[in-house]
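Breakdown of the fold
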Amino acid sequence: MEYEGIVIRPPSEARSLILQATFGCSHNRCTFCPTYKGRRFQIKDEEQLFAEIDETAALRPWRRVFLADGDALIIPQARLLRILDRLRASIRGLERVGIYGNAKAVMKKSVDELRELRDRGLGIIYFGLESGDDATLEFICKGKTSAEMIAAGRRVKEAGIELSITVLLGIAGERGPEHAIATGRVLTAIDPDYVGALTVMVVPNTPLWDLREKGDWSLPDEFAMLAELAVILAHTEMSRGLFMSNHASNYVPLRVEMPGQKEAALARLRKIIDSRDRGALKPEWLRAL
Ligand code: SF4
């Protein structure tokens, strides 16, 4: 099987079979995201994908499959059902299929359609919220408001599919405090199974890079971004699940079982923020996207 372009997947799918069901991202407008810039969105030819499923299924006993690229959930329902059926028919012992889905892709599907996908093996949707602050969502061209993000996240939960949400530290620039409070509130309203905080890394050839070069946006310092993390966590109420900052881009890795370990994690973060001890942070050269 050959992959086209850069193929990304969530850290938790590191041991999964990664199948490229689409190329690129149908939105492709987020100002910070370098992944698919300059690429046209396309859904992979079905027969080619089925041939790849059959070929890779024979390699080893896969338990999990991740359907890439950027928002493969945008694949029309009937076609996505056929893909899930083929996966279950070809891969014995398949336990879970995961997929990236943005709010637009989720809202194109009804709760019943999402349940249909769940019943055919779709177990988890990875959803990029980035911020719960409407001004920040507009600034980064996310294409949805916080109310629409909440509606989409709740729809996934109502369908009984696990939901993993990413949020971005630093993306709001000087609006960091507002971004952090609003993001915690949106996460609370959705009550996802997993939250993953990532720290912005400004990459050339993105609109965000150009804004920074022109002096129209600046990245907060490391401790201000850790303060955002603390405020987001403090304002996030989850009934269960994990709140994590263990992505390679972060300065301090956290893995917080919610709600029980929240206060201890906050105390640890506040100690680092108050001390401004750079020795407690991951060194720059170890950070990565
Ligand atoms: S929706 Fe995701 S993949 Fe698409 S441009 Fe935005 S961040 Fe990148």
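Relevant structure appears above.
The text that follows walks through the structure, step by step, so that each part is easy to find.

About the cut-offs
- Residues numbered from 1 in each chain as written.
- Predicted model: local features only at pLDDT ≥ 70, side-chain atom pairs only at ≥ 80, totals over all residues.
- Heavy atoms only, no water.
- Helix = DSSP H or I, 4+ residues; strand = E, 2+ residues; numbered from the N terminus.
- Rg over C-alpha atoms; globule rule 2.2 N^0.38 Å.
- Buried < 20%, exposed > 50% of the residue type's maximum accessible area, 1.4 Å probe, protein only.
- Contact = heavy atoms within 4.5 Å.
- Areas by Shrake-Rupley, 256 points an atom, 1.4 Å probe, with all protein chains shown as cover.
- Polar contact = N/O pair within 3.5 Å; in protein donor to acceptor, adjacent residues only side chain to side chain.
- Salt bridge = Lys/Arg side-chain N within 4 Å of Asp/Glu carboxyl O.
- Near = heavy atom within 4 Å.
- Nonpolar A, V, L, I, M, F, W, Y, C, P; charged D, E, K, R; others polar.
- Phe/Tyr/Trp six-rings, centres within 6.5 Å; stacked < 30°, edge-to-face > 60°.
- Expected span 1.5 Å × (residues − 1).
- Pairing = 2+ DSSP bridges.
- Axes fitted to C-alpha atoms, helices over the stretch in contact; angles between N-to-C directions.

We now examine the overall build of the protein chain. When helices and strands are counted, the protein chain shows 10 helices and 10 strands. Taken over the C-alpha trace, the protein chain has a radius of gyration of 19 Å; the compact-globule value for 289 residues is 19 Å, and the two agree within 12%. Principal-axis analysis of the C-alpha atoms places the extent of the protein chain at approximately 55 × 45 × 35 Å. When each of the 289 residues of the protein chain is scored for burial, the buried share is 51%. Long-range pairs, those at least 24 residues apart, make up 77% of the contacts in the protein chain between residues at least 6 apart in sequence. For the protein chain, the exposed surface amounts to about 13100 Å²; the carbon and sulfur share of it is 51%.

For the rest of this paragraph, the subject is the side chain of Ser249. Along the chain, Ser249 turns up in the loop between strand E9 (242-244) and strand E10 (255-257). Separated by 3.0 Å, the side chain of Ser249 and the backbone nitrogen of Thr199 make a polar contact. With residues up to four places along the chain from it excluded, the contact list for Ser249 reads Leu198, Thr199, Met201, Arg287 and Ala288.

Looking now at the pattern of salt bridges. Applying the stated rule across the entire model yields 22 salt bridges. The salt bridge partner of Arg63 is Glu95, with a shortest N-O separation of 3.7 Å. Highlighted residues: Arg63 in the loop between helix H1 (46-57) and strand E4 (64-68) and Glu95 in the loop between helix H2 (77-90) and strand E5 (96-100), separated in sequence by 32 residues. Taking relative accessible area as the criterion, Arg63 reaches 40% and is therefore assigned partly exposed. Judged by relative accessible area, Glu95 falls into the exposed class, the value being 58%. Among the charged side chains, a salt-bridge network with shared partners connects Lys157, Asp191, Asp193 and Arg240.

The next point concerns the site of the ligand. Close to the ligand lie Cys25, Asn28, Arg29, Cys30, Phe32, Cys33, Tyr36, Asn102 and Lys142. Across the shell around the ligand, the residue classes break down as 5 nonpolar, 2 polar and 2 charged.

Before going further, it helps to examine the packing of aromatic side chains. Evaluation of the coordinates by the stated rule reveals 3 aromatic pairs. Considering the side-chain rings of Phe66 and Tyr100, the 5.0 Å spacing of their centres and the 85° angle between planes classify their relative orientation as edge-to-face. Placement of the pair is Phe66 in strand E4 and Tyr100 in strand E5, with a sequence separation of 34 residues. Since its relative accessible area comes to 0%, Phe66 is described here as buried. What makes Tyr100 buried here is its relative accessible area of 15%. Note on Tyr100 and Tyr126: the rings are 6.2 Å apart at their centroids and 70° apart in plane angle, and the pair reads as edge-to-face. With Tyr100 in strand E5 and Tyr126 in strand E6 (residues 122-130), this residue pair connects regions lying 26 residues apart in the sequence.

Glancing now at helix H7 (residues 176-190). Here H7 is 15 residues long and its end C-alpha atoms lie 21 Å apart, about the 21 Å a rise of 1.5 Å per residue gives. Every buried residue of H7 is accounted for by Gly176, His179, Ala180, Ala182, Thr183, Gly184, Val186, Leu187 and Ile190. Positive backbone phi, approximately 55°, marks Asp191, located one or two places after H7.

This brings us to the environment of Ile161. Looking at the secondary structure, you find Ile161 in the loop between helix H6 (146-158) and strand E7 (162-169). On a C-alpha basis, the gap between Ile161 and Ala68 in space is 18 Å, while along the polypeptide they are 93 residues apart. Contact partners of Ile161, with chain neighbours within four places excluded, come to Leu114, Arg118, Leu122, Gly123, Ile124, Ile125, Val156 and Asp193.

For sheets, the rule is that strands pair by backbone hydrogen bonds, running either parallel or antiparallel. The 8 strands are arranged E1-E4-E5-E6-E7-E8-E9-E10 in an open sheet whose pairing can be described as mixed. Both outer strands of the open sheet, strand E1 (17-20) and E10, are each paired with one neighbouring strand and no more. Going across the sheet, the axis of each strand differs from the next one's by a mean of 20°, ignoring polarity. Here 4 bridges tie E5 to E6, and the two strands are oriented parallel to one another. By the bridge assignment for E6, Tyr100 is matched with Tyr126. Packing of H7 onto the sheet brings it into contact with E6, E7, strand E8 (194-199) and E9, and relative to E7 it is tilted by some 180°. Contacts from helix H9 (residues 222-235) reach E7, E8 and E9 within the one sheet, and its direction differs from that of E7 by about 145°.

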